[in-house]
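Letter by letter, the chains look like this.
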Amino acid sequence: MFESLLSRPPTEAVVLSQADVEQLLAAHSSSPVDPAAKLVLARPIHDDALAALSSTLALALASPARAPALSLLANLVPYHPTVLSPDSRLRPALVHLLASSSEPATAAPDTDALTAVLANAAPLPALRELVRASAQPFLERVLGPRPDEAHISHVDGDPVAAAASSLAKARAALTMVILHLSKEEPVPGTGGPKGKGAESRWSLDALAQTLVVRLEPSADEPTLLAALEALAYLTLSPAISSAAIKSIVPAAALCALPPSPALSYPLSTVLLNLTAYPPAPNVLRIPTQNNPLEPRESVSSRVSQLVAHKDFVPLLVRLAKSESPAARTNIAKSLLAVAEDKLNRPQMITAGAGKSLLLIIAAVPSSQANPDPNQPAPPPATTTLLPAIQALAKLLITAQPSLVFTPTLLQDAGRALVLPLSLSDSDTPDDVATLLIQFECLMALTNVAACAFSLQDFLTRLIVPSLATPSLLTTPTPTPGGTPLLVIVESLILSQNLMIRRAAAELLCNIVGTPASVAFYAPPPPPKPHPKLNLLAALVASEDLATRMATSAALAGLADSSEEIARALFRAEKGFSNVLELLNVDEDPGLRLRGWHVVRSVTEAMSSSGSDAEAAEKKRAMLKTLEGKVEDETMEEALEVAKEAVDALRKRL
């Protein structure tokens, strides 16, 4: 019916003939409205054609058969709010209709269509004051009695409330919520405060209660959409004042809603608002004395109550499969919020949240390729990836990774977990958040690497792409232009943050035995220095015990895997002296054991001194030192390794 109009370029202004207007009205006379008619109204419309359409609608509103005109206006307003500008003929016609519908004891026909117009106009700053000034009495009539005044005579039995559908009531509540929440905004175009108008007898708490009533599983989709959108507005604020409202929304009502692609985004928004923690104190952006943020303890308590409902986490898992990129982003953030509490993680794993997070992560590249011009732009990659990856890391820190995923899926998890390790200041504005996600990803990767040598080998061959183009998640072959994981781990070992240094060293400890790691640390021909090996040897003398434990274990693994590396370590006199110092450590016998393992690998890799007097003298001095250390060694396991090291050295003299 509208093929000729829709065949034109999307940016070209549409010129509507009178026949086109009649077809649009006809399309809006039935339900559901033809999607093609909605697409026409979403296009740019020529000013003269828009003025003519406005005049036609003004005349139609004065007619008893005004429902199609109201339905058309509801779909027109979001894209062309100027049809209700102060100098339009349509604006006074709508105001008159609202005034006549607000008179007590009078019937108000077409409440479904009229509330649709108001619900679509209220979010627009240019039209919000029009709605506030002219529609509030009508909206209150549609809503009827508040939950606490059902038997008061002046609100009970109103014919408008009695006749209004559940859809009209949901839309009326949505509009009232928007008007309530926008009271502090200035009037558009003036910068000054707006007139407050008549005070509504409906509080936000009362609106929340009546909206929850609309969340019936048997309700039609438009009613559920309006109710969820209103609840999304109500639960958005991180202020303490919204905590009571959030407590009104029961998990049971949300979990009982029918699966529907149309509901996934508004439902995911409500779930995100209910579970979202306020920013940490060091990243606060909007706190004020008059609007303090809800304490994290309060959010944690509410999340625990939600998770206690047996269907809540499965609901998040189901919504993770949504076709809406924005909905998947919301669910990723909700799953991260649920994972904040370690006690929730086993339930998440049982419900399949780990696989859901992998699905969200894998969908990011495809969701951003070839975007549909008629759909909202998908969220930036980091907006979705970072919360999903961080939630995945938390699960794999808590549980044995091999119990969460199969080996193949653990590789997918590894591909995801390495991405935040390349984060820079340009990727995220919050240094603390960056450090936290990197720390947790390093810990999770350490656990993954501990599962099997095949996973260690896989990780050390990974090339980490930029977060802006995370193609590594969907292609088995690394894309050019990325950075090898081993290079990134080596740089993180030099981080100024102690926890990052420690976690990077622990990951390296678990992956040094692979061919890729041995090749990475392969020494240059002597007498060239070996900076990579020297770095590890220097960290063996770190003041942090955990870093010393991890780097000494990494050195032991490398020296055991490659005689070339072991000989290079012996040539690095300063580095090797740090290793020998480990044999004097009393604070942790495990450090001495690691030191002896390195020394044994070095002595076993030595060649015979032959006629080289200087080399022979150096070995004899080393043998004397080691023999004294053996006599002092008290740890049985370390003593056995020490004797093997000394025996190997004697054979090479």
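Residues numbered from 1 in each chain as written. Predicted model: local features only at pLDDT ≥ 70, side-chain atom pairs only at ≥ 80, totals over all residues. Heavy atoms only, no water.

Enquirer: Which residues make up the overall build of the protein, and what values do they have?
Expert: When you go through the protein residue by residue, the secondary structure sums to 35 helices and two strands. Buried positions account for 51% of the 653 residues belonging to the protein. Within the protein, contacts between residues at least 6 apart in sequence are counted, and of these 71% link residues at least 24 apart. Roughly 29,400 Å² of accessible area belongs to the protein as shown, and the carbon and sulfur atoms make up 57% of that amount. (Helix = DSSP H or I, 4+ residues; strand = E, 2+ residues; numbered from the N terminus. Buried < 20%, exposed > 50% of the residue type's maximum accessible area, 1.4 Å probe, protein only. Contact = heavy atoms within 4.5 Å. Areas by Shrake-Rupley, 256 points an atom, 1.4 Å probe, with all protein chains shown as cover.)

Enquirer: Outline the side chain of Ser264, supporting the account with residue identities and numerical values.
Expert: As for its placement among the helices and strands, Ser264 is situated in helix H15 (residues 261-275). Classification of Ser264 as buried rests on a relative accessible area of 5%. Of the polar contacts made by the side chain of Ser264, one reaches the backbone oxygen of Pro261; its length is 2.8 Å. In this structure the side chain of Ser264 is engaged in a polar contact, spanning 3.1 Å, whose partner is the side chain of Ser322. Each residue touching Ser264, except ones within four places of it in the same chain, is listed here: Leu319, Ser322, Ser324 and Ala327. (Polar contact = N/O pair within 3.5 Å; in protein donor to acceptor, adjacent residues only side chain to side chain.)

Enquirer: Could you give an account of unusual backbone geometry, with specific residues and numbers?
Expert: Cis geometry marks the peptide bond from Ser31 to Pro32; its omega dihedral reads 0 degrees. Positionally, Pro32 belongs in the loop between helix H2 (18-27) and helix H3 (35-42).

Enquirer: Which residues make up the pattern of salt bridges, and what values go with them?
Expert: Enumeration over the complete set of coordinates arrives at 17 salt bridges. Between Arg132 and Glu129 there is a salt bridge; the shortest N-O distance is 3.0 Å. Of the two residues, Arg132 and Glu129 both sit in helix H8 (residues 125-143), three residues apart, roughly one turn of that helix. For Arg132, a relative accessible area of 8% puts it in the buried group. (Salt bridge = Lys/Arg side-chain N within 4 Å of Asp/Glu carboxyl O.)

Enquirer: Lay out the packing of helix H11 (residues 204-213) against helix H12 (residues 221-234) in plain terms, naming residues and giving numbers.
Expert: At a closest axis distance of 10 Å, the pairing of H11 and H12 adopts a crossing angle of 150 degrees. Considering only the axes of H11 and H12, their crossing is left-handed. Residue-level inspection shows Leu204, Ala208 and Leu211 of H11 in contact with H12, the latter providing Ala227, Ala230, Leu231 and Leu234. Here the residues of the contact of H11 with H12 are counted per class, giving seven nonpolar, no polar and no charged. (Axes fitted to C-alpha atoms, helices over the stretch in contact; angles between N-to-C directions. Left-handed = near helix turned anticlockwise from the far one by under 90°. Nonpolar A, V, L, I, M, F, W, Y, C, P; charged D, E, K, R; others polar.)

Enquirer: Describe the environment of Ala219, listing the residues and the values that go with them.
Expert: Position of Ala219 relative to the elements: it lies in the loop between H11 and H12. The spatial distance from the C-alpha of Ala219 to the C-alpha of Leu167 is 8.7 Å, given a sequence separation of 52 residues. Here Ala219 is in contact with Arg214 and Leu224, once residues within four sequence places are set aside.

Enquirer: Hey, could you go over H8 for me, with residue numbers and the actual values?
Expert: Taking 1.5 Å as the rise per residue, H8 with 19 residues should run 27 Å; its terminal C-alpha atoms sit only 23 Å apart, a clear shortfall. If you look at H8, its biggest bend is around 65 degrees, right at Ala135, and the proline Pro137 turns up within four residues after that. The element H8 is extensively covered by neighbouring structure, given that 14 of its 19 residues are classed as buried. The positive-phi residue at the C-terminal boundary of H8 is Gly144, with phi of around 75 degrees. (Expected span 1.5 Å × (residues − 1). Bend = angle between axes of the 7 residues up to and from the residue.)

Enquirer: Let's hear about the side chain of Lys169: which residues, and what values?
Expert: By the element assignment, Lys169 lies in helix H10 (residues 166-181). What Lys169 contacts, discounting residues up to four positions off in sequence, is Val142, Leu143, Gly144, Ala161, Ala164 and Arg214.

Enquirer: Which residues make up the packing of aromatic side chains, and what values go with them?
Expert: Summed over the entire model, instances satisfying the criterion amount to two aromatic pairs. Centroid distance Phe520 to Tyr521: 5.1 Å. Interplanar angle 80 degrees. Geometry classified as edge-to-face. The same class applies to Phe520 as to Tyr521, namely buried. Measuring from ring centre to ring centre gives 5.5 Å for Phe570 and Phe576, while their planes differ by 80 degrees; the resulting arrangement is edge-to-face. (Phe/Tyr/Trp six-rings, centres within 6.5 Å; stacked < 30°, edge-to-face > 60°.)

Enquirer: Account for the nonpolar core, naming residues and giving values.
Expert: Formed by 203 residues in total, the largest nonpolar core has its most connected members in Leu16, Leu254, Leu392, Leu417, Leu508 and Trp596. Top contributing element to this core by residue count: helix H21 (residues 381-398), with 10 residues. With sequence-adjacent residues up to four places away left out, Leu392 is seen in contact with Gly354, Leu357, Leu358, Ile361, Phe405, Ala413, Ala416 and Leu417. (Core = buried A, V, L, I, M, F, W, Y, C linked by side-chain atoms within 4.5 Å.)

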